[in-house]
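Residue-level structural notes
One letter stands for each residue in the lines below.
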Amino acid sequence: MITAPAPPALPMRGAARGPVRWAEAFGDGPQAPLLPAEAAHVAGRPERRTRQFTVARTLARRALGQLGYAPAPLLPGAGGAPVWPDGVVGSITHCDGYTACAVAPAGRLASLGIDAEPARPLPVGILGLTASAAERAGLAQLPPGLVPWDRLLFSAKEAVYKAWYPLTRQWAPLVEMPVTVCPDGTFSTHRDGQTLTGHWHHTGGILITTIALP
């Protein structure tokens, strides 16, 4: 079983401690000036969307700076994922009250996926669209009251999708991404004969999930 890095809100674990760098913010987050190409990209967008984009790029440049990269435009590519500088893999997430970015050298990890969600149950009907019958049955066996397991499963699937999409360039519905969440702060997914393990954390009313592909 391959162990992925722990969530950005916690110290990194094991072999992932070295390659991954991250930056995160609770609340509104920092907003450094956008680079010209980024400013042009969000021109005319709603204020909330522009703020999210700006905070995410501010944190991304902090994380990239830890790897020695100078500021450069980070524009969305196909599928909406950021186009990282050559030699970098990474992932960005944001929800109300939290934004984070994690990056690593491409020579150390194939891909990264992180996601954050409010620690509240999913809206009615969403779980049935994103989780298989077996996954829903598994959630029913988890200890009640610890976290909203349906939202955690959704977040873990989002993290898995963010990690796989840069490698496959193929969209897939979340229901087709098998994920098992565990109360010990981990989740697992199975693909191409491998079992990959990610980590989850609940802090400040936010659920954070991360996974890395070696």
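Okay, so let's go over this structure. (Residues numbered from 1 in each chain as written. Predicted model: local features only at pLDDT ≥ 70, side-chain atom pairs only at ≥ 80, totals over all residues. Heavy atoms only, no water.)

1. Notes on the overall build of the protein chain
The secondary structure content of the protein chain amounts to five helices and nine strands. Start at the N end of the protein chain and walk to the C end: the helices and strands fall as β-β-α-α-β-β-β-α-α-α-β-β-β-β. Taken over the C-alpha atoms alone, the protein chain extends approximately 50 × 35 × 30 Å along its principal axes. Considering only intrachain contacts with a sequence separation of at least 6, the fraction spanning at least 24 residues in the protein chain is 59%. Summed over its atoms, the accessible surface of the protein chain is roughly 9900 Å², and 57% of this surface lies on carbon and sulfur atoms. Averaging the locations of the 18 positively and 14 negatively charged side chains of the protein chain gives two centres separated by 4 Å. (Helix = DSSP H or I, 4+ residues; strand = E, 2+ residues; numbered from the N terminus. Contact = heavy atoms within 4.5 Å. Areas by Shrake-Rupley, 256 points an atom, 1.4 Å probe, with all protein chains shown as cover. Lys, Arg positive; Asp, Glu negative; His and termini not counted. Charge placed at Lys NZ, Arg CZ, Asp CG, Glu CD.)

2. Considering the environment of A137
In this structure, A137 sits in helix 4 (residues 133-140). Residues A137 and A159 lie 22 residues apart in sequence; the distance between their C-alpha atoms is 21 Å.

3. Points about the side chain of T209
If you trace the backbone, T209 turns up in strand 9 (residues 206-213). Take T209: its relative accessible area is 0%, and that puts it in the buried class. Looking at T209, its side chain comes within polar contact range of the side chain of S155, at 2.8 Å. When near neighbours in sequence (up to four residues on either side) are disregarded, T209 contacts G113, I114, D115, L152, S155, A156, A159, F187, H199 and W200. (Buried < 20%, exposed > 50% of the residue type's maximum accessible area, 1.4 Å probe, protein only. Polar contact = N/O pair within 3.5 Å; in protein donor to acceptor, adjacent residues only side chain to side chain.)

4. Re the pairing of strand 3 (residues 88-95)
For a regular strand, side-chain orientation follows a simple rule: the groups alternate between the two sheet faces. Strand 3 sits mainly inside the fold: seven of its eight residues count as buried. From the end of strand 3 to the start of strand 4 (residues 98-105), which pair antiparallel, there are two residues, and G97 there has a positive phi angle of about 95°. (Pairing = 2+ DSSP bridges.)

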